[in-house]
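Observations on the three-dimensional arrangement
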Amino acid sequence: MFEKLFEPIRIRGMEVKNRIVLPAMGTKMAAEDGNVTQQIIDYQVARVKGGCGLNLSEVCAVHAPSAPRKFLALHNDSYIPSHKAFCDAIHEAGGKCGVQLWQGSLAASMDPKARILVASDLHVHGHTIPAVDVETIEEVVACFGAAAMRAVKAGYDCVEFHCGHNYLPHSFLSPAFNHREDAYGGTFEKRCKFPLDCIRAIRQSIPQDMPLLMRLDAQDDYLENGLTIEDVIAFCRLAKEAGVDVLDISRGNMITAGLKYEVPPIDIPKGFNVDNCARIRRETGMLCIAVGRINTPQLAEEILEQNKADMVVMGRAQLADADFCVKAKEGRLQEIVYCIGCDQGCYDGFTDPAAPFITCMRNPYLGKEAQDVLVPAQKPKRVLIAGGGVAGLEAACILKQRGHQPVVYEASDELGGQFVTAGKAPRKMEMKDAALSYGEKAKRLGILIHLNTPVDASLITEGSWDEVILAIGAEPIHLSIPGADQEHVYKSHDILNGKATASGHVAVIGGGLVGVETAEYLSEQGAAVTVIEMLDGVAKDLGALRKICVMESLYMHHIETVVNTSVKAVVENGVLVENEGVEQVIPCDSVVMAVGARARDHEALTEACEKKQIPYHIIGDAKKARRALQAIAEAHETARSL
């Protein structure tokens, strides 16, 4: 099965057992000083054991003054031992590994003590970051070469040069960033000089049979006077002459909405960058790696069969399921836990200062691989689980795998809860599929499930239960204002679930995640929509990359947003609102309430548990309405603890 995907490939002296690459992804697992940690080794080795062909380290700083804390580094010999431990572990597990050499330019600003290097003067918030001088340019070139030499000593099988995402080499290459008038700027040839010097320095520092990969953007997105794909192809031909063997074709930059392409969320189509890869491969004659929301083995196989790429990056696919590759190879497709591009744990977790390291909504033990052993229950328990949403199902599956006897009771006629509803919003079908997959997994495990059966106090007190898990979720908040009970006023969940329709001019009250997605849904049905939000902006509860996509969609659908505005009443032919002390009526034919959700009342259930002295656990939205990331993680931990 998937013969092309699991076909070996030889690049110079390196043979990789299949065509799957785990790319360099930031994890925040590096040591404070930039050394490789055991946590990184455990995380990477789990993917090697899961069948991945080539594992790349996350970005690795080559230049000491501009190396940010908590990022891998290889800018002096003291780092070689920890990198050697990394390589040895990968090799022992049967994999191949490469290091991604990097100078981060603006990304160094994540550490206030790191020096920021930019190609040309950059004006930021009234402050000017001066262009890097020639002496430092030459120093950085030498650092790339020296770091490559250390990579050889550490035992890496290949080296990848990062020339994308407006890091320093890309910034020199792109006319959007490079406005220099010296030997490193101006003409295309001069803009190529710095990245080509870096490539030559690396090539001269590694053995002849060691492959050199290059990560770069297929084009510049959202950048005036940026690189075209034709520019990139011309540069790749020069890079080939300088010693690059493989092109790792990415997209995105960190200073515009193009950031959405670096860690593309569910809103971006699967394989969105593959055709760019195919063209670059065709016109350069080089080996190419396709990148961009390739999260199923079927899609990966299709890309390879159609000769659009020689290898495929499957990064977040392997964050969600460390055993993705082996499951695909063995045809165990139903068992794969698929990434859905939510970005909640990987990208949002990376940018959230409060998160110690990245995680994954679908894999709560990402970054905890050393602890990821399900301990069999010493004494199997009969556990009542109230609620068949994703939190309840996650708990049920873990309990069953440990040897307990969970029984799920769901009040509605289907499993998946609000995750299914969320998956009915535009561009989010993968979320609905994921919700349904939780139910399918529970059925495969043989878990007893009762639909159309709400849990009440008598079910708890009259049953024989050792533990109770309350995962009854949250319900939409009802806004108590005059006119809210009229027939033309609907709940957002009823709209998304197809239980109600709203047409004509629709006012959506609430501009959070549910409100804006309901607005998009209604707009696609032909309604003219106005979103009314009391805060100073809409979509404030979305992650950064999903927000970019949603805000673009609101603009493209001509959805009007009114902020800093409170709703006073639903009146005849409209909604009475107040903004800065001034009242007005926003005309509409229908009103949709989307002002958030609150945990369902579980007092009677907890009292029944206490009366019968049954230990109980409140998880997910039943405790507090939150993101799915937290709800699933909480369910997972609870089930492991029983």
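Predicted model only: the values in this text are computed from it and were never measured.

Right, let's talk about the UniProt feature "domain: NADH:flavin oxidoreductase/NADH oxidase N-terminal" (unreviewed entry) in the protein chain for a bit. Feature annotation in UniProt assigns "domain: NADH:flavin oxidoreductase/NADH oxidase N-terminal" (unreviewed entry) to the following positions: residues 4–333. End-to-end, the C-alpha atoms of residues 4–333 are 17 Å apart, and along that stretch the chain is 35% helix and 16% strand.

In this section: unusual backbone geometry. In terms of backbone geometry, most residues other than glycine have negative phi values and most peptide bonds are trans. Its identity is not glycine, yet Lys28 carries a phi of approximately 65 degrees, on the positive side. Counting through the fold element by element, Lys28 comes out in the loop between strand 3 (20–22) and helix 1 (38–49).

Once that is clear, we can look at helix 12 (residues 390–402). Taking 1.5 Å of rise per residue, 13 residues should cover 18 Å, and helix 12 covers 18 Å from first to last C-alpha, within 8% of that figure. Taken across its 13 residues, helix 12 has 11 buried, putting it largely inside the fold. Listed as buried for helix 12 are Val390, Ala391, Gly392, Leu393, Glu394, Ala395, Ala396, Cys397, Ile398, Leu399 and Arg402. In this structure, the buried residues of helix 12 make contact with strand 15 (382–386), strand 16 (405–409), helix 13 (418–422), helix 14 (429–444), strand 18 (467–470) and helix 20 (628–641).

On the surface, a cluster of negative charge is contributed by Asp133, Glu135, Glu138 and Glu139. Looking at the element boundaries, Glu139 is found in helix 3 (residues 134–154).

So, on to the domain arrangement of the protein chain. The extent of an interface is frequently quoted as the accessible surface area lost upon association of the parts. Annotation of the protein chain at the domain level lists domain 1 (7–315), domain 2 (380–474 + 602–639) and domain 3 (487–594). The partner domain 3 presents six residues to the nine residues of domain 1 that form the contact. Counting each side, the surface lost to burial between domain 1 and domain 3 is near 630 Å², with a carbon and sulfur contribution of 70%. At the boundary of domain 1 with domain 3, the tally comes to two salt bridges. Taking the shortest distance from any N to any O, the salt bridge between Lys260 and Glu552 comes out at 2.6 Å. Put simply, domain 1 and domain 3 have three residue pairs in polar contact (both at pLDDT 80 or more) between them. Classifying every residue of the side of domain 1 that touches domain 3 gives seven nonpolar, no polar and two charged.

We now examine the UniProt feature "domain: FAD/NAD(P)-binding" (unreviewed entry) in the protein chain. UniProt annotation of "domain: FAD/NAD(P)-binding" (unreviewed entry) refers to residues 464–604 when read in the numbering used here. For residues 464–604, helix accounts for 23% and strand for 34%, while the C-alpha atoms at its two ends are 18 Å apart.

Looking now at the pattern of salt bridges. Side-chain pairs of opposite charge can arise whenever the charged atoms involved come near each other. Throughout the structure, instances matching the rule amount to 41 salt bridges. One salt bridge in this structure joins Arg69 and Asp111, with 3.3 Å as the shortest N-O distance. On the criterion of sequence distance, the pair formed by Arg69 in the loop between strand 5 (60–61) and strand 6 (72–73) and Asp111 in the loop between strand 7 (96–102) and strand 8 (122–124) is long-range, its members being 42 residues apart. Among the residues examined, Arg69 registers a relative accessible area of 39% and is labelled partly exposed.

A separate point is helix 18 (residues 544–556). In an α-helix, one full turn covers 3.6 residues, which means residues spaced three or four apart are oriented alike. Helix length check: helix 18 (13 residues) gives 19 Å between terminal C-alpha atoms against 18 Å at 1.5 Å per residue, within 8%. For helix 18, the set of buried residues is Leu545, Arg546, Ile548, Cys549, Val550, Ser553 and Leu554. Structurally, helix 18 contributes buried residues whose contacts are with helix 11 (347–351), helix 17 (513–524) and strand 23 (560–562). Trailing helix 18 by a residue or two, His558 shows a phi angle of about 60 degrees, which is positive.

For the rest of this paragraph, the subject is the sheet that holds strand 20 (residues 489–491). Pairing in this open sheet of five strands is parallel, and the strands run 20-27-21-22-23 from one edge to the other. Taken across any chain shown, the strands that pair with only one partner, and hence form the sheet edges, are strand 20 and strand 23. For this sheet, the mean inter-axis angle between neighbouring strands, taken without regard to orientation, is 25 degrees. Relative to strand 23, strand 22 (residues 528–532) runs parallel, the two sharing three bridges. Bridging across to strand 23, Thr530 finds its partner in Glu560.

Aromatic rings in a pair are described by how distant their centres are and how their planes are angled relative to each other. Under the criterion given, the structure shown has 10 aromatic pairs. Taking the centre distance of 6.0 Å and the plane angle of 40 degrees together, the rings of Phe86 and Tyr156 count as tilted. Of the two residues, Phe86 sits in helix 2 (residues 80–92) while Tyr156 sits in the loop between helix 3 and strand 10 (158–163), which places them 70 residues apart along the sequence. Across this residue pair, the class does not change: Phe86 and Tyr156 are buried. Measuring from centroid to centroid gives 5.3 Å for Tyr261 and Phe272, while their planes differ by 25 degrees, and the two rings are stacked. Residue Tyr261 is located in the loop between strand 12 (246–250) and helix 7 (274–284), and its partner Phe272 is located in the loop between strand 12 and helix 7; the two are separated by 11 residues in the primary sequence. Pair check on accessibility: Tyr261 and Phe272 agree, each one buried.

The next subject is the sheet that holds strand 16. Read across the sheet, five strands follow the order 17-16-15-18-29 without closing on themselves; strand pairing throughout is parallel. In the strand order of this sheet, the two ends are held by strand 17 (448–450) and strand 29 (616–618), each with one partner. For this sheet, the mean angle separating the axes of adjacent strands, direction not counted, is 15 degrees. Together, strand 15, strand 16 and strand 18 form the strand contacts of helix 12, whose direction differs from that of strand 15 by roughly 165 degrees. Sitting on the sheet, helix 19 (residues 603–611) is in contact with strand 18 and strand 29, with an inclination near 160 degrees to strand 29.

With that settled, consider the state of the cysteines. As enumerated under the stated definition, the model contains zero disulfides in all. Cysteine Cys60 is unpaired, with the sulfur of Cys87 as its nearest cysteine sulfur at 10 Å. A relative accessible area of 0% places Cys60 in the buried class. Here Cys158 stays free of any disulfide, with the sulfur of Cys97 as its closest cysteine sulfur at 7.5 Å.

What follows deals with the pairing of strand 11 (residues 212–217). A large share of strand 11 lies buried, amounting to six of its six residues. By the alternation rule, side chains of strand 11 split into Leu212, Met214 and Leu216 and Leu213, Arg215 and Asp217, which are all buried. Direction of pairing for strand 10 relative to strand 11: parallel, over a ladder of five bridges. Paired with His162 across the strands is Arg215, a residue of strand 11. As defined by bridge partners, strand 11 adjoins strand 12 across five bridges and the pair is classed as parallel. When the sheet's bridge partners are listed, Leu213 is paired in strand 12 with Val246. The handedness of the strand 11 to strand 12 crossover, carried by helix 6 (residues 229–242), is right-handed.

Conventions used here
Residues numbered from 1 in each chain as written. Predicted model: local features only at pLDDT ≥ 70, side-chain atom pairs only at ≥ 80, totals over all residues. Heavy atoms only, no water. UniProt positions renumbered as here; feature names shortened; annotations may be inferred. Helix = DSSP H or I, 4+ residues; strand = E, 2+ residues; numbered from the N terminus. Expected span 1.5 Å × (residues − 1). Buried < 20%, exposed > 50% of the residue type's maximum accessible area, 1.4 Å probe, protein only. Contact = heavy atoms within 4.5 Å. Patch = residues over 30% accessible without salt bridge, like charges linked within 9 Å, V, L, I, M, F, W, Y side chains within 5 Å. Areas by Shrake-Rupley, 256 points an atom, 1.4 Å probe, with all protein chains shown as cover. Salt bridge = Lys/Arg side-chain N within 4 Å of Asp/Glu carboxyl O. Lys, Arg positive; Asp, Glu negative; His and termini not counted. Charge placed at Lys NZ, Arg CZ, Asp CG, Glu CD. Domains from an automatic or database assignment. Buried area = accessible area lost by both parts, 1.4 Å probe. Polar contact = N/O pair within 3.5 Å; in protein donor to acceptor, adjacent residues only side chain to side chain. Nonpolar A, V, L, I, M, F, W, Y, C, P; charged D, E, K, R; others polar. Pairing = 2+ DSSP bridges. Axes fitted to C-alpha atoms, helices over the stretch in contact; angles between N-to-C directions. Phe/Tyr/Trp six-rings, centres within 6.5 Å; stacked < 30°, edge-to-face > 60°. Disulfide = S-S within 2.5 Å. Right-handed = clockwise from strand over helix to strand, strands pointing away.

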